Amino acid sequence: MLGVGHEKTLRHYVLKIKRGSVYRGGMSNTESRRRGSYAKGIAKREEILTRALEVIAREGYGGASVKELAAAVGLSQAGLLHYFDSKEELFTAILRKRDDTDAAQFGPIDAMTPLDITAVRTGFLGVIRHNSEVPGLVELFSRMAADAAAPQHPAHDFFLERGRTLRKLFIDVIAPAQSTGDLSPGIDPDTLARVLQAVADGLQLQWLLEPDIDMAAIVGALFTALQTTPTDTAVRTARG
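Residues numbered from 1 in each chain as written. Predicted model: local features only at pLDDT ≥ 70, side-chain atom pairs only at ≥ 80, totals over all residues. Heavy atoms only, no water.

J.: Help me understand the packing of helix α6 (residues 117-131) against helix α10 (residues 215-226) in this model?
T.: When two helices pack together, their arrangement is given by the angle between their axes and by how far apart the axes lie. Close contact between α6 and α10 brings their axes to 8 Å; oriented N to C, the two are set at 160°. Relative to α10, the element α6 lies roughly antiparallel. α6 and α10 meet at a crossing whose hand is right-handed. Along the contact surface, α6 presents I117, R121, F124, L125, I128, R129 and N131, while α10 presents M215, A216, V219, G220, F223 and T224. Looking at the contact of α6 with α10 residue by residue, the classes come out as eight nonpolar, three polar and two charged. (Axes fitted to C-alpha atoms, helices over the stretch in contact; angles between N-to-C directions. Helix = DSSP H or I, 4+ residues; strand = E, 2+ residues; numbered from the N terminus. Parallel < 35°, antiparallel > 145°, perpendicular 65-115°, else oblique. Left-handed = near helix turned anticlockwise from the far one by under 90°. Contact = heavy atoms within 4.5 Å. Nonpolar A, V, L, I, M, F, W, Y, C, P; charged D, E, K, R; others polar.)

J.: So what exactly am I meant to see when it comes to the nonpolar core here?
T.: Buried together is how nonpolar side chains tend to be arranged in soluble globular proteins. Core analysis: the largest hydrophobic core is formed by 27 residues, its most contacted members being L69, L80, L90, F91, I94 and F159. The dominant element in this core, judged by the number of residues it contributes, is helix α2 (residues 29-59), at six residues. Those residues in contact with L90 that lie beyond four places of it in its chain are I48, L49, L69, L80 and F84. The next biggest cluster of nonpolar side chains, apart from the first, holds 24 residues, and it includes L183, A200, M215 and A216. (Core = buried A, V, L, I, M, F, W, Y, C linked by side-chain atoms within 4.5 Å. Buried < 20%, exposed > 50% of the residue type's maximum accessible area, 1.4 Å probe, protein only.)

J.: Quick question: what am I supposed to make of the confidence of the model for the chain here?
T.: Keep in mind that low pLDDT regions are not for reading the predicted coordinates in detail. On average, residues of the chain score 81 in pLDDT, and 76% of them are at 70 or above. Counted against residues more than four places away or in other chains, residues 230-240, with its pLDDT under 50, gives five contacts. (pLDDT = per-residue confidence, 0-100.)

Right under this line is the structure:
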């Protein structure tokens, strides 16, 4: 039980809160300004990333200097870096924005619809075809992926998490497809997921050197090679 002195102190504290801005039905002017400034900062950051995607896609990796990107959104270089700690962090955020944009465009129409190997294949090939239209972003991704191998690089955690997320997406559809006989069970799902990631990432490097390579066709051929045929299923059933 609270003593008299504590009770008075508590009552004083409660009354003080009730007289505050929350009980008056709104925020203080200072809080309002802070939230407004924060919201504007978030909006400006999104504008920078959206314009950066457009600039790099149009001008290529060579047009991805901080000066060029700053000019595209009407900022100085210092003004642009006010929203990002470094050029590397900016480029990491651009790649994250690219992934979000690709997921919205090529991902499942209904997030509640269960994914299967066909849907994932269609979406994955859609992203790869789109990549062939934005060579600057492909070059940015490839350069950053190599640099990010260093643990201290700002993009290191991004690429680690990106790889894990992509492989989990594959594993979640490969395992059921193998169990139903739609995919060959010869390679375990985790290994096969890494193979698909390695092929897609490696093809981007080859494509930068040989732009006539059809990346989507090659990855599509790999998916086809992994599919089982009625004969394969009949043989496995007979052996089982």
